[in-house]
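Inside the fold
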Amino acid sequence: MAFLFKRNPKTPAELIRVLNDQVAKLDGSGDNRKIQDECGRYLSQIRIILYGDDDNDPQPDQIAQLSQEVYSTDCLYLLAANLANLAFDSRKDVVILFSTLLRRQIGNRSPTVDYLLSRPQILQVLFKGPEIPEITLTTGQIIRDCIKHASINKFLLNDKIFWNYFRYCSSNSFENSTDSFNTLNDLLTVHKKVVAEWLSNSNNVDIFIRSINGLIRDGNYVTKRQSIKLLSQLILQKQNNSLMIKYVESSENLKIIMNLLSDKSRNLQFEAFHVFKVFVANPKKSRPVLDILIKNRDKLLLFLKNFSFDRRDDTVFNEEREFLIEQIDELPRINVLSNKSIQQK
Amino acid sequence: MSIDPADVFNIKECIGRGTFGEVYKAIDKRTNDVVALKVVNLEESNEDIKVLVQEIGFLSQLRSPYITTYFGTYLRDVSMWISMEYCGGGSCADLLRCHKKLSEDVTCFIIRDCLKGLKYLHSEMKIHRDIKAANILLTPTGQVKLADFGVSGQITATHVKKQTFVGTPFWMAPEMITRKFGYNEKVDIWSLGITVIELITGSPPHASHDPLKVLFRIPREPAPVLIGDDFTEAIKEFTQCCLIKVPSKRPSAEWLLNHRFIKHCRRNVNAVALIQQKQDWFAKNSRHKPCSRYKKDPLVNDVYNDDYKTAFKWSFTTKNLSTPDIINYEFSDEMLFDSPQVYSSSSIVNTSSVGKNSGKDSKSVPSKNLSSPDTNATTPNDNVDIPCSQKTVMTGKEMQIDYLRDILLYCLKKVSNRAKTSGTKETVLQLAKTVVEFEHQQVGLSEAIIEEIWLRINGLKNEGFL
């Protein structure tokens, strides 16, 4: 690549400094277009340092210099806060900068992770990305790169902004709502230990149940399908016992799941089945849950007997289905006629 | 509210078909642009839809004049409607069908723009995986664009019927078939080399062979070469570069853009004339029209196309469990006879009972209806529940038993469940159907029969027989 070796105008450290200067000017009233171009040029040069190109492999010492300068300046904050003001292609270069820096390791430390945790404003500004539709997918990518590190995952789960994601998932734009769901999904599935610990706080469990129920009940088809899957994944995770117990003791939750069980979509039915089975298998059913199951005993039996014919070769599923039929069959039945004949006598 | 794509797009004819759905020519009413609309039925894929959805996100982040532009995705019912740039000039495969083969100048012109498209995709860490003439599209003004990469390619691959689990065998790179060490973006360069041969000779190597057998031949045999006086040294060398069997030695798209075959590309290639001739030819030979037989309305696929209905209506009123809730006890005839996939037109969706009981969360939100609002959705089920005190003094007649459903069909269902063979089951179902039919002819028949049975049983009981 020409600029590195022929013209060689700027060292990596200089590059970061001039970039910072330009980015800082972006929100000003100046000629944004010109500044955008300027930023774009520097960012694509940075990308080549990080990724190399056809003729050159990336040089570790250059990357080290670049990182050093990034950590000692406001570079990442400036970029994160001004993403919307950068050009479309430049935003992708910012993603590359973050993901490459996040992968860096010195011994068993990740300097970028330490840096980001010491400067929480950067993570928070990115975490709130879905508030600005144009940059949702960019910040989503960066945040998901961050979530690969357990300590950042933990930090974000405990930030208030986290709860906004249930709202972000209901955005009108298909790309944005599904991207936000991806982030939500990663936050709750990538580091199982972190999530289990987070769910040991009963306050978190309560808000989580209320929020995910909202998505399952009111979401569009894709939201429903993804959120019910996420819920069943979490509930069936051994470490998340407290969530499971809490979820299956409420008859309100059972109603939501049963409504989905009888949805027209076979896929939704099938995903709901995996939550429903926990209600039935629970040896200590709460009274309201038991009442609903008893009340619908015959309908459930009929339903389950005919359920998902196309998955009959799935033995695990079939065993579960038969187990449920057994369990429900053993529930007390309400006998209409015998009741009445008693009254008549 | 999210946008219903059926309001936005004016759908014209079907122009293609893939594994998951159809591709339509459509007009975006907001802009009057002609677009290619890919309708993907998500209900048909049992797999995790996460991957499909992620691909859409990726697609939306691609912008280059050398690939078909992504406009947006909308959800309707259980389908994704992906709006993409429509290329009115058809594909290079269409061009071949009319012109049989192309000149080196035209080939060079097409391949150069493909390389630019590939250079862009590869710089975005994206592998096309299915480069071939059929996926190289042309605009009426002669611009060249790569199409059908990623999700849009996977779901609309053109030769679905012929091919098996893999891409399109003739164009596949050897390492993609063997998969010993995985593969990278270099597979596109190989496919491009095969496409050069396709454009210049009219068909890819081995085209007359069984695609499945070709799968074994490609990794085993030496790479195909262009030979003979018909071709210039430049194009021979170019294909040779693309068709290097070892992927790491195969050059990149960027490198190939500087190859002399591409560098010496003539500027004034008249692709527009070729396209025009092709369009005229297609107009004359209308039976060759790509996929006119697939014409189908995308709205027909809707799962929720009329009203949002659930298969089963559960009873969530649990106040008076000691007394049977006969009125809520409902089996529609359809449910009796068939699997849960048949839906009674009378069943009422009941989402509000959920909200009603929950107190703090009492906003009654009608279930998200993707096609049309369901007025019944807010009828609370709980209203039909009768207070306990009233029930205990009621006699059977006042409780309004549906003799057909609550007794006859109920019992027949029980009998059918006891049946050991499917033949017996069938007989019982036949009987149930007959009963329904006769009840319709003679309303009250069921009641009379039940009454007589009831009296007879009571009589026998009194006489000590039972």
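Within an unreviewed UniProt entry, the label attached to chain B reads non-specific serine/threonine protein kinase, and the organism entered is Saccharomycopsis crataegensis. Of the comments in the UniProt record for chain B, the one headed Sequence similarities (unreviewed entry) reads "Belongs to the protein kinase superfamily. STE Ser/Thr protein kinase family. STE20 subfamily."

Looking at an unreviewed UniProt entry, one finds chain A named Hym1 protein and attributed to Saccharomycopsis crataegensis.

1. Focus on the overall build of chain B
Summing up its helical and strand segments, chain B has 18 helices and seven strands in all. Counting only contacts in chain B whose residues sit at least 6 apart along the sequence, the fraction spanning at least 24 positions is 70%. For chain B, the exposed surface amounts to about 22900 Å²; the carbon and sulfur share of it is 54%.

2. Description of the overall build of chain A
What chain A contains, in helices and strands, is 22 helices and zero strands. Relative to a compact globule of 345 residues, whose C-alpha radius of gyration would be 20 Å, chain A shows 27 Å and is clearly more extended. Taking the principal axes of its C-alpha atoms as reference, chain A extends roughly 105 × 45 × 40 Å. Taken over 345 residues, chain A has a buried fraction of 59%. Considering only residue pairs separated by 6 or more positions, chain A has 69% of its internal contacts joining residues 24 or more positions apart. For chain A, the computed accessible surface area is about 14600 Å², with 49% contributed by carbon and sulfur atoms.

3. Details of the packing of helix 8 (residues 120–127) of chain A against helix 9 (residues 136–147) of chain A
Residue and element names in this part refer to chain A. Following both chains from N to C, one finds helix 8 and helix 9 inclined at 130°, their axes separated by 9 Å at the closest point. The pairing of helix 8 with helix 9 is recorded here as oblique in orientation. For the pair helix 8 and helix 9, contact is made by L123, L126 and F127 and by T139, I142, I143 and C146, respectively. Residues of the contact of helix 8 with helix 9, tallied by class, amount to six nonpolar, one polar and no charged.

4. Quick word on helix 13 (residues 192–199) of chain A
The set of residues buried in helix 13 of chain A consists of V194, V195, A196, W198 and L199 of chain A. Its buried side turned inward, helix 13 of chain A meets helix 10 (150–157), helix 12 (174–189), helix 14 (202–218), helix 15 (221–235) and helix 16 (241–249) of chain A.

5. Re the UniProt feature "binding site: ATP" (unreviewed entry) in chain B
Those places that UniProt annotates as "binding site: ATP" (unreviewed entry) correspond, in this numbering, to K38 of chain B. Residue position: K38 of chain B is located in strand 3 (residues 33–41).

6. Quick word on the packing of helix 10 of chain A against helix 12 of chain A
Each pair of packed helices gets described by two things: the angle between the helix axes and the distance between those axes. Residue and element names in this part refer to chain A. Relative to each other, helix 10 and helix 12 sit at 115°, their axes nearing to 10 Å. With respect to each other, helix 10 and helix 12 are oriented roughly perpendicular. Crossing handedness for the pair helix 10 and helix 12: left-handed. For the pair helix 10 and helix 12, contact is made by N153, L156 and L157 and by D186, L187 and L188, respectively.

7. Focus: the confidence of the model for chain A
Taken as a whole, chain A shows an average pLDDT of 90; of its residues, 92% reach a score of 70 or greater. Counting contacts from residues 337–345 of chain A, a segment whose pLDDT is below 50, to residues more than four positions away or on other chains yields eight contacts.

8. Things to note about the side chain of T73 of chain B
Counting through the fold element by element, T73 of chain B comes out in strand 4 (residues 70–76). A polar atom in the side chain of T73 of chain B sits 2.7 Å from the side chain of Y70 of chain B. If near-sequence neighbours (up to four positions away) are discounted, T73 of chain B is found in contact with F174 and E175 of chain A together with I56, M80, W81 and I82 of chain B.

9. Section: the nonpolar core
Soluble globular proteins tend to pack their nonpolar side chains together in the buried interior. L116, L188, L231 and F276 of chain A together with I110 of chain B are the most contacted members of the largest nonpolar core, which has 180 residues in total. No other element matches the 10 residues that helix 4 (residues 104–123) of chain B contributes to this core. Discounting residues that sit within four places of it in the chain, F276 of chain A has contacts with L254, I257, M258, L261, L293, L300, L324 and I328 of chain A.

10. Considerations on the packing of aromatic side chains
Residue and element names in this part refer to chain A. Under the definition given, this model contains 19 aromatic pairs over all chains. Taking the centre distance of 4.8 Å and the plane angle of 75° together, the rings of Y165 and Y168 count as edge-to-face. Of the two residues, Y165 and Y168 both sit in helix 11 (residues 165–168), three residues apart, roughly one turn of that helix. Of the two residues, Y165 and Y168, neither departs from the other in class, the shared state being buried. Ring plane angle 65° and centroid distance 5.0 Å describe the contact between F273 and F317, whose orientation is recorded as edge-to-face.

11. Brief notes about the pattern of salt bridges
Residue and element names in this part refer to chain A. Taken as a whole, this structure holds 31 salt bridges over all chains when the rule is applied. With a closest N to O distance of 2.6 Å, D74 and R119 form a salt bridge. On the criterion of sequence distance, the pair formed by D74 in the loop between helix 4 (60–72) and helix 5 (75–81) and R119 in the loop between helix 7 (111–118) and helix 8 is long-range, its members being 45 residues apart. We note a salt bridge from E131 to R167, for which the minimum N-O separation is 3.8 Å. With E131 in the loop between helix 8 and helix 9 and R167 in helix 11, the pair connects residues that are 36 residues apart, well separated along the chain. Linked by salt bridges that have partners in common, R297, D298 and D329 make up one network.

12. Observations regarding unusual backbone geometry
All names here are of chain B. Despite not being glycine, K100 shows a phi value in the positive range, around 70°. Looking at where K100 falls in the secondary structure, it is placed in the loop between helix 3 (92–99) and helix 4. Of note, the phi angle at R129 is positive, near 80°, even though the residue is not glycine. Along the chain, R129 falls in the loop between helix 4 and strand 6 (136–138). What makes R129 partly exposed here is its relative accessible area of 33%.

13. So, the environment of F71 of chain B
Tracing the chain through its elements places F71 of chain B in strand 4. F71 of chain B sits 13 residues away from M84 of chain B along the chain, and the two C-alpha atoms are 5.4 Å apart.

The rules behind each value
Residues numbered from 1 in each chain as written. Chains lettered and ligands numbered in written order. Predicted model: local features only at pLDDT ≥ 70, side-chain atom pairs only at ≥ 80, totals over all residues. Heavy atoms only, no water. UniProt positions renumbered as here; feature names shortened; annotations may be inferred. Helix = DSSP H or I, 4+ residues; strand = E, 2+ residues; numbered from the N terminus. Contact = heavy atoms within 4.5 Å. Areas by Shrake-Rupley, 256 points an atom, 1.4 Å probe, with all protein chains shown as cover. Rg over C-alpha atoms; globule rule 2.2 N^0.38 Å. Buried < 20%, exposed > 50% of the residue type's maximum accessible area, 1.4 Å probe, protein only. Axes fitted to C-alpha atoms, helices over the stretch in contact; angles between N-to-C directions. Parallel < 35°, antiparallel > 145°, perpendicular 65-115°, else oblique. Nonpolar A, V, L, I, M, F, W, Y, C, P; charged D, E, K, R; others polar. Left-handed = near helix turned anticlockwise from the far one by under 90°. pLDDT = per-residue confidence, 0-100. Polar contact = N/O pair within 3.5 Å; in protein donor to acceptor, adjacent residues only side chain to side chain. Core = buried A, V, L, I, M, F, W, Y, C linked by side-chain atoms within 4.5 Å. Phe/Tyr/Trp six-rings, centres within 6.5 Å; stacked < 30°, edge-to-face > 60°. Salt bridge = Lys/Arg side-chain N within 4 Å of Asp/Glu carboxyl O.

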